[in-house]
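# Inside the fold
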Amino acid sequence: MSHTYRFCAGPWNWSEGRDPYGPETRPAQTFDWKLRELKKLGFDAMMFHDDDAVPDIDTKTHAQVLAEARELKRRLDGEGIVAEMVAPRLWFSPRTVDGAYTSNNPADRRYAIDRSLQSIDIARELGTDILVLWLAREGTYLREAKRAGQAFDWLIEAFDAMLAHDPKIRLAIEPKPNEPMDHAYVPTIGHVLAIATLTRDPARTGALIETAHCILAGLDPSDEMEFALRFGKLWSLHLNDQNGLKYDQDKPFGSVSLRSAFDQVRTLERWNYGAKGEYVCFDVHPFRTTAPGQWSAALDNSRRTFLRLVEKARTFDETRAQELISKLDYQALDQLVLEHLLGK
Ligand code: GLO
Ligand code: MG
């Protein structure tokens, strides 16, 4: 229980304040600015959508895409920042309006697979073996529009194509139960691990867990993490917070429930998360009201809260907790946790 953590964020975590009811509230910042901010904040890695790494990706040839990825790698090396993962952003394109791997249109399914294979090539150039798959539009608004069994076959077919494309790539599937879809086909970590068993290489098919997504599924984030860790499958992590079953909020880590955040950190401590090179990523968004001067606060605050909670996890009176557990005195255990968090 003594290792240090390494932190990661993505360019989208400096979002500009847009929501479904109103436009941006901050002017966009450049990628170079974000890279410098990341360094200043004490982060070690950046996570990338394919089109964060190579903007306007669909207008470029494969050779151009790879050349730009190589150039990005040079810039990252220059700043001392590692690329943690690459994720194909399959939910913006007009070719994925009906979903990507599970679209009812075969040409669009092909597009999604090809773009994912290209993302693997980008990952290779950037020096990471993790391809994150947030299956944003793989689900339904309308039950009768698709058959779940068929959708699972298409998902497995797509995962298999990716696993075959590169013998080193590892798929970290990021489950989320809803939004943008009404119901997603892979809503929880249990679904991820079950579907992994049907791929051509289950050992290279694992998970990324996001706090808010567990809460949206009505599940406890630390238990979900513990489940993935028990299977050796927690390869990346998106910490943030979420106020109940609402729209996806991506609040700073610990913002809604400090106690839940403590439980998540305690789980990571117990399993030595990070010891195999995994990063702690914060998938947070600044509040809409945030002024440009405080733009990085959601990330900085999340990291600060995380580190304070690591101290709380390491100084928690485990002996006393065990005594209370053996007597089933959960009333006292509850208060032990609360007073520890309150600083008594
Ligand atoms: C949205 C997801 C999203 C992904 C990111 C990486 O709810 O959390 O932010 O993590 O696109 O694939
Ligand atoms: Mg996420």
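The rules we used
- Residues numbered from 1 in each chain as written.
- Chains lettered and ligands numbered in written order.
- Predicted model: local features only at pLDDT ≥ 70, side-chain atom pairs only at ≥ 80, totals over all residues.
- Heavy atoms only, no water.
- Buried < 20%, exposed > 50% of the residue type's maximum accessible area, 1.4 Å probe, protein only.
- Helix = DSSP H or I, 4+ residues; strand = E, 2+ residues; numbered from the N terminus.
- Pairing = 2+ DSSP bridges.
- Phe/Tyr/Trp six-rings, centres within 6.5 Å; stacked < 30°, edge-to-face > 60°.
- Lys NZ or Arg CZ within 6 Å of the ring centre and 35° of its normal.

## Digging into the pairing of strand S6 (residues 170-174)
- Burial analysis of S6 places 4 of its 5 residues in the buried class, which makes it a mostly covered element.
- Sheet analysis places strand S4 (residues 130-134) next to S6, joined by 5 bridges and oriented parallel. Bridge pairing links Leu133 to Ile173 in S6.

## Side note on unusual backbone geometry
- Following Glu179, the chain continues into Pro180 via a peptide bond in cis, with omega recorded as 10 degrees.
- Tracing the sequence through the fold places Pro180 in the loop between S6 and strand S7 (183-184).
- Phi is positive for Glu179, close to 65 degrees, though the residue is something other than glycine.
- By the secondary structure assignment, Glu179 is in the loop between S6 and S7.
- A residue is classified by how much of its surface remains accessible, and Glu179, at 31% relative accessible area, is partly exposed.
- With phi around 55 degrees, Leu328 is a residue other than glycine that occupies positive phi space.
- Within the secondary structure, Leu328 is located in the loop between helix H11 (318-326) and helix H12 (330-342).

## Here we look at the packing of aromatic side chains
- Tallying each qualifying case throughout the model produces 16 aromatic pairs.
- The interplanar angle of 50 degrees and the centroid separation of 6.0 Å between the aromatic rings of Phe7 and Phe43 together place this pair among those described as tilted. Within this pair, whereas Phe7 is found in strand S1 (residues 7-9), its partner Phe43 is found in the loop between helix H1 (31-40) and strand S2 (45-49), the two being separated by 36 residues in sequence. Pair check on accessibility: Phe7 and Phe43 agree, each one buried.
- When the centroid spacing of 4.6 Å and the interplanar angle of 65 degrees are considered together, the rings of Trp91 and Trp134 count as edge-to-face. Of this pair, Trp91 sits in the loop between strand S3 (82-87) and helix H4 (106-126) while Trp134 sits in strand S4, placing them 43 residues apart in sequence.
- According to the relative accessible area criterion, Trp91 is buried, its value standing at 11%.
- We classify Trp134 as partly exposed; its relative accessible area is 21%.
- Connected via pairs of aromatic rings, a cluster forms that spans Tyr5, Phe7, Phe43, Phe253, Phe282 and Phe306.
- One cation-aromatic arrangement involves Arg89 over Phe92; the distance from NZ or CZ to the ring centre is 4.9 Å.

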